[in-house]
Amino acid sequence: QVQLVESGGGLVQPGGSLRLSCAASGFTFSSYTMYWYRQAPGKKRELVAAITGAGGSANYGDSVKGRFTISRDNAKNTLYLQMDSLKPEDTAVYYCNHYVGITNYWGQGTQVTVSS
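Described below are features of the structure shown in this document. Please read these numbers as outputs of a predicted model, since none were measured by experiment.

**What about the sheet that holds strand S7 (residues 68-73)?**
Pairing in this open sheet of four strands is antiparallel, and the strands run S1-S3-S8-S7 from one edge to the other. Strands with a single pairing partner mark the edges of an open sheet, and in this sheet they are strand S1 (3-7) and S7. Taking each pair of neighbouring strands and ignoring which way they run, the sheet shows an average axis angle of 15 degrees. Inspection of the sheet shows strand S3 (residues 18-25) paired to strand S8 (residues 78-83) by six bridges, in the antiparallel sense. Directly across from Leu18, in S8, lies its bridge partner Met83.

This is how it looks when you write it as structure tokens:
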């Protein structure tokens, strides 16, 4: 079965950096575009970044462009999100996502808190 396990979250000061990881299993990882989403308290889940199966193309939400970098290692079945110049408004639970047809798969999420 599909499993997505996020890690790497934590507490960081404004301007700092974190690197999130998502270990994937149960499907042919390299064949699928993968996504990072986030959800802040009281807000809707929003798309942060996406990367194609081979890693050749990536897209970002307007709020993170120029600060976040999505990448993947298909040999390790792992998705990454490098987050630099973090702001308090980046505080949220971050999820990786994979979908097939109408079925969405989510990990348990990892909390990122940006605060001084």
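**A short note on the state of the cysteines**
Under the criterion given, the structure shown has one disulfide. Disulfide partner of Cys22: Cys96, at an S-S distance of 1.9 Å. Across the S-S bond linking Cys22 and Cys96, the dihedral sits near 45 degrees, which makes this disulfide right-handed. Taken as a pair, Cys22 in strand S3 and Cys96 in strand S9 (residues 92-100) lie far apart in primary sequence, 74 residues in all. Comparing Cys22 with Cys96, the two get one shared label, buried.

**Structural notes on the side chain of Arg72**
Within the fold, Arg72 resides in strand S7. No salt bridge forms around the buried Arg72; measuring N to O, its nearest opposite-charge neighbour Asp73 is 8.4 Å away. A distance of 3.4 Å separates the side chain of Arg72 from the backbone oxygen of Ile51, its partner in a polar contact. A polar contact is formed between the side chain of Arg72 and the side chain of Asn74, at a distance of 2.8 Å. Contact partners of Arg72, with chain neighbours within four places excluded, come to Phe29, Ser30, Tyr32, Thr33, Met34, Ile51, Thr52, Gly53, Gly55, Thr78, Leu79 and Tyr80.

**A short note on the pairing of strand S5 (residues 46-51)**
Examined bridge by bridge, strand S4 (residues 34-39) and S5 share five bridges and lie antiparallel to one another. Looking at S5, one finds that Trp36 is bridged to Ala49. Counted along the chain from S4 to the antiparallel partner S5, the turn is six residues long, and its residue Gly42 has a positive phi close to 75 degrees. For S5 and strand S6 (residues 58-60), the ladder comprises three bridges, and the chain directions are antiparallel. Of the residues in S6, the one forming a bridge with Ala50 is Asn59. Where S5 hands over to S6, the hairpin turn is made up of six residues, of which Gly55 adopts a positive phi near 85 degrees.

What counts and how
Residues numbered from 1 in each chain as written. Predicted model: local features only at pLDDT ≥ 70, side-chain atom pairs only at ≥ 80, totals over all residues. Heavy atoms only, no water. Pairing = 2+ DSSP bridges. Helix = DSSP H or I, 4+ residues; strand = E, 2+ residues; numbered from the N terminus. Axes fitted to C-alpha atoms, helices over the stretch in contact; angles between N-to-C directions. Disulfide = S-S within 2.5 Å. Buried < 20%, exposed > 50% of the residue type's maximum accessible area, 1.4 Å probe, protein only. Lys, Arg positive; Asp, Glu negative; His and termini not counted. Salt bridge = Lys/Arg side-chain N within 4 Å of Asp/Glu carboxyl O. Polar contact = N/O pair within 3.5 Å; in protein donor to acceptor, adjacent residues only side chain to side chain. Contact = heavy atoms within 4.5 Å.

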